[in-house]
Amino acid sequence: MFLRTLAQKLALAFCYLAFAGFVLFPLVWIFMMSIKNFGDIIAYPPRFLFTPTLENYVEVLFGNEAQRAGGQVPDLLKFLMNSVIISGGAVVVSALLGIPAAYALARRRDKTSDKLRFTFLSFRFAPELAVILPLYVIYTRIGLYDSYVGMILVHQLITLPLMILILASFFRDMPIEIEEAARIDGARIWTMLTRIVVPIARPGIASAMMIAFIFSWNNMIFGLVLAGGSTRPVTMGILQAMTFDQIKWGMMAASAMVSALPGMIAAVLFQKQITRGLTMGAVK
């Protein structure tokens, strides 16, 4: 019996390690490329023993202005700032709109509410390519192309449905007796929302905002079509490592690692909140 239990544990541990290796291998491979020189990157067979270098990180983060102006080196710090402005602004706008909407959907349980929830869900999972070309035409005509306002608005297609779906589940789990007591004391709907519901649901709101920020940060298609030189996000800035005559693999890998760093840090710091938000909101 002991040997059988030990074998089961070893088999389970091996499966976990194999799965972790499968998931983490692309990230490890990109990191290895980012600290290789060009000769080691293109070597065949691949070299796992090499002299690491930080030259690629130095170029993408501190490259000179002449190289950036000529498109030889991506201005990664500018692209990072653009992504912070776009994703951060999109999450703030989604929170202002999504909290009241989620609260209304959570407290009104009828067919109309279910249809509205399905509508928001369809916005989240609808293919972006289906709307990107009409949006490009509209943006160019009304002056929102290559603007922070335009990018923040279009990212509502990503962040707002997530906020509503996740927060609606949090609000439904809150005991309604608290609100009924406040209503007896004369509190109106807006007072209950701002002074009672939001403070209690603050952990859920924080997790929903973090999840929405990560999804917005990782989006590329909107930046590819609707952003120009002024508002290009970091996901598009990575592609500047592809020039007309070559692909700078090391620089591209370093840019990818730097751009993924905020999301990885957020995932580690807010792992419990993100997991709870996904299981209570998106899965349901």
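Residues numbered from 1 in each chain as written. Predicted model: local features only at pLDDT ≥ 70, side-chain atom pairs only at ≥ 80, totals over all residues. Heavy atoms only, no water.

## Description of the overall build of the chain
For the record, the criterion: In DSSP terms, a helix is any run of H or I states spanning at least four residues, a strand is any run of E spanning at least two, and both are numbered starting from the N terminus. When accessible area is computed with a 1.4 Å probe and restricted to protein chains, residues below 20% of their type maximum are described as buried, those above 50% as exposed, and intermediate ones as partly exposed. In this description, contact between two residues means that some pair of their heavy atoms is separated by no more than 4.5 Å.
The helix and strand inventory of the chain stands at 16 helices and zero strands. Residues classed as buried in the chain amount to 39% of the 284 residues present. Taking contacts inside the chain between residues at least 6 apart in sequence as the whole, the part at least 24 apart equals 73%.

## What about the side chain of Thr231?
In this structure, Thr231 sits in the loop between helix H13 (221-226) and helix H14 (234-237). Of the residues examined, Thr231 reaches a relative accessible area of 1% and is grouped as buried. For Thr231, the contacting residues outside a window of four places in its chain are Asn82, Ile86, Asp146, Ser147, Tyr148 and Met151.

## A closer look at the packing of helix H11 (residues 189-200) against helix H12 (residues 202-218)
Just so we agree on the cut-off: To define axes, lines are fitted to C-alpha atoms, for helices over the stretch in contact only, and angles between the resulting N-to-C directions are given on a 0 to 180 degree scale. Angles are sorted into four bins: roughly parallel if under 35 degrees, roughly antiparallel if over 145, roughly perpendicular if 65 to 115, and oblique for all others. Put simply, Ala, Val, Leu, Ile, Met, Phe, Trp, Tyr, Cys and Pro go in the nonpolar bin, Asp, Glu, Lys and Arg in the charged bin, and everything else, Gly too, in the polar bin.
Relative to each other, H11 and H12 sit at 70 degrees, their axes nearing to 4 Å. One way to sum up the angle between H11 and H12 is to call them roughly perpendicular. Residues Val198, Pro199 and Ile200 of H11 lie in contact with H12, whose contacting residues are Arg202, Pro203 and Ile205. Among the residues forming the contact of H11 with H12, the class breakdown is five nonpolar, no polar and one charged.

## Let's talk about the nonpolar core
The condition is simple: We define the nonpolar core as a collection of buried residues of types Ala, Val, Leu, Ile, Met, Phe, Trp, Tyr and Cys that are connected through side-chain atoms lying within 4.5 Å of one another.
In terms of nonpolar packing, the biggest core is built from 23 residues, with Ile99, Tyr103, Met163, Leu167, Phe171 and Val197 touching the most fellow members. At the level of secondary structure, the elements contributing two or more residues to this core comprise helix H5 (76-107), helix H9 (156-173), H11 and H12. Apart from the residues within four sequence positions on either side, Phe171 is in contact with Ile99, Ala102, Tyr103, Ala106, Arg107, Val197 and Ala201. Counting residues in hydrophobic clusters, the runner-up holds 16 residues, among them Phe79, Trp217, Val234 and Ala241.

## Here we look at the packing of aromatic side chains
Going by this rule: The criterion for an aromatic pair is that two Phe, Tyr or Trp rings (for Trp, the six-membered ring) have centres within 6.5 Å, with stacked assigned to planes under 30 degrees apart, edge-to-face to planes over 60 apart and tilted to the rest.
One pass over the structure, following the stated rule, counts five aromatic pairs. Here the aromatic rings of Tyr136 and Tyr145 are separated by 5.7 Å at their centres, their planes lie at 90 degrees, and the arrangement is edge-to-face. Tyr136 sits in the partly exposed class, given a relative accessible area of 35%. Residue classification places Tyr145 among the partly exposed positions, given a relative accessible area of 35%.

## A look at the environment of Phe31
Counting through the fold element by element, Phe31 comes out in helix H1 (residues 2-34). With 219 residues separating them in the primary sequence, Phe31 and Gly250 have C-alpha atoms 9.3 Å apart. Sequence-distant contacts of Phe31, that is, excluding residues within four places in its chain, are made with Tyr57 and Met257.

## Considerations on a nonpolar patch on the surface
The following threshold applies: What goes into a patch is any residue over 30% in relative accessible area without a salt bridge, connected to like charges within 9 Å or, for nonpolar side chains (Val, Leu, Ile, Met, Phe, Trp, Tyr), within 5 Å. Accessible surface area values rest on a Shrake-Rupley calculation with a 1.4 Å probe, where residue burial reflects the displayed protein chains alone. The working definition used for a salt bridge is a side-chain nitrogen of Lys or Arg within 4 Å of a carboxyl oxygen of Asp or Glu.
Side chains of Phe19, Phe22, Val23, Leu24, Leu27 and Val28 sit close together on the surface and give an oily, nonpolar patch of about 600 Å² of accessible area. Along the chain, Leu24 turns up in helix H1.

## Regarding unusual backbone geometry
Note the cis peptide between Tyr44 and Pro45, where omega equals 0 degrees. Locating Pro45 in the fold gives a position in the loop between helix H2 (38-41) and helix H3 (55-62). Positive phi values are uncommon outside glycine, yet Asp146 reaches one of about 55 degrees. Within the secondary structure layout, Asp146 lies in the loop between helix H7 (129-142) and helix H8 (148-154). Judged by relative accessible area, Asp146 falls into the partly exposed class, the value being 21%.

## Some words on helix H15 (residues 249-269)
Selection criterion: Helices are assigned an expected span. That span is 1.5 Å times one less than the residue count. One fitted axis covers the seven residues ending at a residue, a second covers the seven starting there, and the bend at that residue is the angle between these axes.
Look at H15: 30 Å from first C-alpha to last across 21 residues, which is about the 30 Å you get at 1.5 Å a residue. At Leu261, H15 shows its maximal bend, which comes to roughly 35 degrees, and the proline Pro262 appears one to four places after that position. When H15 is considered as a whole, its buried residues turn out to be Gly250, Met251, Met252, Ala253, Ala254, Ser255, Met257, Val258, Ser259 and Ala266.

## Describing the packing of H5 against H12
For the record, the criterion: Crossings are assigned a handedness: left-handed for a near helix turned anticlockwise from the far helix by less than a right angle, right-handed for a clockwise turn.
The geometry of H5 relative to H12 is characterised by a closest axis approach of 9 Å and an angle of 140 degrees between their N-to-C directions. In terms of axis orientation, H5 runs oblique to H12. Crossing angle aside, the handedness with which H5 passes H12 is right-handed. Taken together, the residues of H12 that come into contact with H5 (itself represented by Leu80, Ser83, Val84, Ser87, Gly88, Ala90, Val91, Ala95 and Ile99) are Ile205, Met209, Ala212, Phe213, Ser216 and Trp217. Considered class by class, the residues forming the contact of H5 with H12 number eleven nonpolar, four polar and no charged.

## Some points on the environment of Gly237
Topologically, Gly237 is positioned in helix H14. On the basis of relative accessibility, which here comes to 0%, the residue Gly237 falls in the buried class. For the pair formed by Gly237 and Leu76, sequence separation is 161 residues and the distance between their alpha carbons is 6.5 Å.

## Let's talk about the confidence of the model for the chain
Filter applied, for reference: Scored from 0 to 100, pLDDT reflects the predictor's confidence in each residue.
When pLDDT is averaged along the chain, the result is 80; 87% of the residues meet or exceed 70. Across the chain, element-level confidence peaks in H8 with a mean pLDDT of 92 and bottoms out in helix H4 (residues 65-69) with 53.

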